[in-house]
Amino acid sequence: MSSRPPRTTDVAGSPAPPVRAALVWTALALVYLLWGSTYLGIRIAVESLPPLTSAAMRFAAAAVVLAIVLRLRRGPGALRVPPRRLGAAALVGVLLLAGGNGLVVLAESGPPGDAVPSGVAALLIATVPLLVVVLRTVGGDRPRPWTFAGVALGFVGLVLLVLPRDGVDGVPLAGALTVVAAAASWSIGSYLSGRIRMPADPFVATVYEMVAGALALLLIGAGRGELADFDPAEVTGRSWAALAYLMVAGSLVAFTAYVWLLAHAPISLVSTYAYVNPAVAVALGALLAAEPVTTQVLLGGAVLVAGVAVVVSTERPSRTPPAAGDGTARTRSAAGGNGTGRTPPAAGDGAARGRAGR
């Protein structure tokens, strides 16, 4: 057995040096673990924080930090974009963060029995690559036959996961449908982000996506009466800590790692997060929050993730040299919650696109 570190390929497809390979695997581990843990972080945050307001706080804080970094590193004009592209980023941000992330937060909030367990929420969100394929097909693309087979398999897993079984240990149907609606919103935002004129710099686009998403979440939360009932003194330290973790680990550290990966690793490797994150989320939910892992969850989740793996492995979009900025081949991605990505929205790619929200 050789003791040399594993090698990946760079964007152009040539072998990467060992140091680069080590960085790739480190960044990939961060994306696997941090994004996989955000579902549990959301569940803990909403124990005593209002759901949509807490999500708005998370993205607003992340946007401010990212904007300050860009301003310091690139100068006064770093955040300047044409109004039309600003509107495009705002639209994508609302779909990804207010629709995608906001609905997940709502589904995970509430009393036991009504709230969707964090691991199950992650499994349901894994349908995003499948939904992106559906949108591509409707838009005139012709994915490969194996891609459609993966989509069909994934949706079988979805049905197995949420199908009521005599009302015993079933996934709350209303919550499950809410997460599926979140996945649909996320998929539409991911799909559109590759087809409308976004800000040229993906990090700049991310700032405006987060700002738009935060504003929409705040307005909807206010309409639900969250602000009227919100008393910071009643929020537990546990929830504040979870919110801080989501801001730093989920929206900044993992996002930065993902963007770097999009520019330095094959998209087929980067996209594996789409089926690793759910496994991490289920494991953490069971170990740290005593969430039940039933036979139904294991079977449905395994079939769903297998479908996603088939789709991701058969969808290998070509990569162009990365532009300065974010990192998917627009190189835009937005996995950190943003989907500003500009890579061709293949299943794996599109799924990831809006990950700032996770």
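Since the structure is predicted, the reported quantities are computational estimates derived from the model, not experimental observations.

## Here we look at the overall build of the chain
Thinking step 1. Counting secondary structure elements, the chain contains 14 helices and zero strands.
Thinking step 2. Counting from the amino terminus, helix and strand elements in the chain follow one another as α-α-α-α-α-α-α-α-α-α-α-α-α-α.
Thinking step 3. Taking all 358 residues of the chain together, the buried fraction comes to 56%.
Thinking step 4. Considering only intrachain contacts with a sequence separation of at least 6, the fraction spanning at least 24 residues in the chain is 80%.
Thinking step 5. For the chain, the exposed surface amounts to about 14,400 Å²; the carbon and sulfur share of it is 69%.

## Regarding the packing of aromatic side chains
Thinking step 1. What the rule picks out here adds up to four aromatic pairs.
Thinking step 2. Considering the side-chain rings of tryptophan 35 and tyrosine 258, the 5.1 Å spacing of their centres and the 50° angle between planes classify their relative orientation as tilted. Of this pair, tryptophan 35 sits in helix 1 (residues 18–45) while tyrosine 258 sits in helix 10 (residues 237–264); the two residues are 223 residues apart in sequence, bridging distant segments of the chain.
Thinking step 3. For tryptophan 35, a relative accessible area of 0% gives the class buried.
Thinking step 4. Relative to tyrosine 273, the ring of tryptophan 35 has its centre 5.6 Å away and its plane inclined at 65°; by these criteria the two rings are edge-to-face. Of this pair, tryptophan 35 sits in helix 1 while tyrosine 273 sits in helix 12 (residues 273–289), and the two are 238 residues apart along the sequence. Residues tryptophan 35 and tyrosine 273 agree in their burial class; the two are buried.

## Thoughts on unusual backbone geometry
Thinking step 1. Despite not being glycine, alanine 290 shows a phi value in the positive range, around 55°.
Thinking step 2. Mapped onto the secondary structure, alanine 290 falls in the loop between helix 12 and helix 13 (295–314).
Thinking step 3. Alanine 290 gets classed as exposed once you look at its relative accessible area, which sits at 64%.

## Observations regarding the packing of helix 2 (residues 51–74) against helix 3 (residues 83–108)
Thinking step 1. Two numbers describe how helix 2 lies on helix 3: the axes approach to 9 Å, and their chain directions differ by 135°. Classified by the interaxial angle, the pair formed by helix 2 and helix 3 is oblique. Helix 3 is crossed by helix 2, and the crossing has right-handed handedness. In contact with Pro51, Leu52, Ala55, Arg58 and Phe59 of helix 2, helix 3 contributes Leu97, Asn101, Gly102, Val105 and Leu106.

## Some points on the environment of alanine 279
Thinking step 1. Take alanine 279: it is sitting in helix 12.
Thinking step 2. In this structure alanine 279 comes out as partly exposed when scored by relative accessible area, which is 49%.
Thinking step 3. Between the alpha carbons of alanine 279 and valine 305 there is a distance of 8.7 Å; along the sequence they are 26 residues apart.

## Concerning helix 7 (residues 173–193)
Thinking step 1. For helix 7, which comprises 21 residues, the first-to-last C-alpha distance of 30 Å matches the rise-based estimate of 30 Å (1.5 Å per residue) to within 8%.
Thinking step 2. Within helix 7, the full set of buried residues consists of Gly175, Ala176, Val179, Ala182, Ala183, Ser185, Trp186, Ser187, Gly189, Ser190, Tyr191 and Ser193.

## Side note on the confidence of the model for the chain
Thinking step 1. Per-residue pLDDT for the chain has a mean of 81; in total, 80% of the residues score no lower than 70.
Thinking step 2. Confidence over residues 1–9 falls short of pLDDT 50; this stretch has 21 contacts with residues more than four positions distant or in other chains.
Thinking step 3. Across residues 318–357, where pLDDT falls below 50, the model places 200 contacts with residues more than four positions away in sequence or in other chains.

## Re the pattern of salt bridges
Thinking step 1. A complete count under the given rule lists six salt bridges for this structure.
Thinking step 2. When the shortest N-O distance is used, the salt bridge between arginine 43 and glutamate 291 registers 2.7 Å. Here glutamate 291 lies in the loop between helix 12 and helix 13 and arginine 43 lies in helix 1, a separation of 248 residues in the sequence.
Thinking step 3. The exposure class of glutamate 291 is buried, given its relative accessible area of 7%.
Thinking step 4. Between arginine 224 and glutamate 226 there is a salt bridge, and its shortest N-O distance comes to 2.5 Å.
Thinking step 5. Take glutamate 226: its relative accessible area is 6%, and that puts it in the buried class.
Thinking step 6. One network of salt bridges, in which partners are shared, links Arg136, Asp141 and Arg195.

## Description of the packing of helix 5 (residues 128–138) against helix 13
Thinking step 1. At a minimum axis distance of 9 Å, the contact between helix 5 and helix 13 shows a crossing angle of 50°. Between helix 5 and helix 13, the crossing angle belongs to the class labelled oblique. In the packing of helix 5 onto helix 13, the handedness of the crossing is left-handed. Here helix 5 contributes Pro129, Leu130 and Val133 to the contact with helix 13, which in turn contributes Gly307, Val308 and Val311.
Thinking step 2. Within the contact of helix 5 with helix 13, the residues separate by chemical class into five nonpolar, one polar and no charged.

## Regarding the nonpolar core
Thinking step 1. By size, the foremost hydrophobic cluster in this structure holds 84 residues, and its most contacted members are Leu124, Ile125 and Leu261.
Thinking step 2. Of all the elements, helix 1 adds the most residues to this core, at twelve residues.
Thinking step 3. Beyond its immediate sequence surroundings of up to four residues, leucine 261 is in contact with Val24, Ala27, Leu28, Val31 and Val270.

About the thresholds
- Residues numbered from 1 in each chain as written.
- Predicted model: local features only at pLDDT ≥ 70, side-chain atom pairs only at ≥ 80, totals over all residues.
- Heavy atoms only, no water.
- Helix = DSSP H or I, 4+ residues; strand = E, 2+ residues; numbered from the N terminus.
- Buried < 20%, exposed > 50% of the residue type's maximum accessible area, 1.4 Å probe, protein only.
- Contact = heavy atoms within 4.5 Å.
- Areas by Shrake-Rupley, 256 points an atom, 1.4 Å probe, with all protein chains shown as cover.
- Phe/Tyr/Trp six-rings, centres within 6.5 Å; stacked < 30°, edge-to-face > 60°.
- Axes fitted to C-alpha atoms, helices over the stretch in contact; angles between N-to-C directions.
- Parallel < 35°, antiparallel > 145°, perpendicular 65-115°, else oblique.
- Left-handed = near helix turned anticlockwise from the far one by under 90°.
- Expected span 1.5 Å × (residues − 1).
- pLDDT = per-residue confidence, 0-100.
- Salt bridge = Lys/Arg side-chain N within 4 Å of Asp/Glu carboxyl O.
- Nonpolar A, V, L, I, M, F, W, Y, C, P; charged D, E, K, R; others polar.
- Core = buried A, V, L, I, M, F, W, Y, C linked by side-chain atoms within 4.5 Å.

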